[in-house]
Amino acid sequence: MSEQQASDREVAYLTALDPHASTTTKPWELEISSPFLRRVAVLWIIVVMAVHIFMAWAVDVEFTGVAVTGLDKFAFVGVGIVISVLSWIALTRPRVKANEDGVEVANIIGTRFYPWLVIYGLSFPKGARMARLELPEFEYVTLWAIQSGDKERAIKAVEEFRALEAKYMPQD
């Protein structure tokens, strides 16, 4: 009976495919988040709440034959609060963390860990809104935490990531 052993690259690739795979116990050497997305979230919440508060006020300005109660007005504001909370969670969640074991990418939906063995590099294509983590088979993961709207901070984040990449990514 012959036993097949998976190579390190195959194990790393399978780990990257599994969203529930264990990541690392080592401390993160780099953590990146986007202040631009935080500003977008604040602006979006102001707009959403202004619209919902206005609608709560405007629904009862003129009698239309429909009975509008205080609860109906409160519901407009309540829906605005729910949308605002969900928007805040979604837009402030994106993070990129890296250490000697690999890179953890937390985007708006989902978090994945990619060992250095399966990473081909970081790219920021000209005209792109966000950086990309290059993977095998011409695949990539968009890094919401590194936005072009962050300007100099995005450049610094790419430089810091590439320093870790040069330090830990296998040469092949």
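Above this note sits the structure.
Residues numbered from 1 in each chain as written. Predicted model: local features only at pLDDT ≥ 70, side-chain atom pairs only at ≥ 80, totals over all residues. Heavy atoms only, no water.

The next subject is the packing of helix α2 (residues 35-58) against helix α3 (residues 70-92). Between α2 and α3, whose axes approach to 8 Å, the crossing angle comes to 170°. Classed by the angle they form, the pair α2 and α3 counts as roughly antiparallel. (Axes fitted to C-alpha atoms, helices over the stretch in contact; angles between N-to-C directions. Helix = DSSP H or I, 4+ residues; strand = E, 2+ residues; numbered from the N terminus. Parallel < 35°, antiparallel > 145°, perpendicular 65-115°, else oblique.)

So, about the sheet that holds strand β6 (residues 130-134). Hydrogen bonds between backbone groups are what pair the strands of a sheet, and the pairing can be parallel or antiparallel. As summarised here, the arrangement of the 3 strands in space is β5-β6-β7, forming an open sheet in which the pairing is antiparallel. Unpaired on one side and paired on the other, β5 (121-123) and β7 (140-147) mark the two borders of the sheet. Taken over all neighbouring pairs, the strand axes of this sheet differ in orientation by 30° on average, direction set aside. Where β5 and β6 come together, 3 bridges link them in antiparallel fashion. By the bridge assignment for β6, S123 is matched with R132. Helix α4 (residues 152-168) rests against β5, β6 and β7 of the sheet, and its axis sits at about 165° to β5. (Pairing = 2+ DSSP bridges. Contact = heavy atoms within 4.5 Å.)

Taken together, the side chains of L43, W44, V47, V51, F54, M55, W57, V61, V79 and I83 make up a nonpolar region of the molecular surface, amounting to roughly 960 Å² of accessible area. Listed by contribution, the elements that provide at least two residues to the nonpolar patch are α2 and α3. Counting residues per element, the nonpolar patch draws most heavily on α2, at 7 residues. For V79, the location among the structural elements is in helix α3. In this structure V79 comes out as partly exposed when scored by relative accessible area, which is 43%. (Patch = residues over 30% accessible without salt bridge, like charges linked within 9 Å, V, L, I, M, F, W, Y side chains within 5 Å. Areas by Shrake-Rupley, 256 points an atom, 1.4 Å probe, with all protein chains shown as cover. Salt bridge = Lys/Arg side-chain N within 4 Å of Asp/Glu carboxyl O. Buried < 20%, exposed > 50% of the residue type's maximum accessible area, 1.4 Å probe, protein only.)

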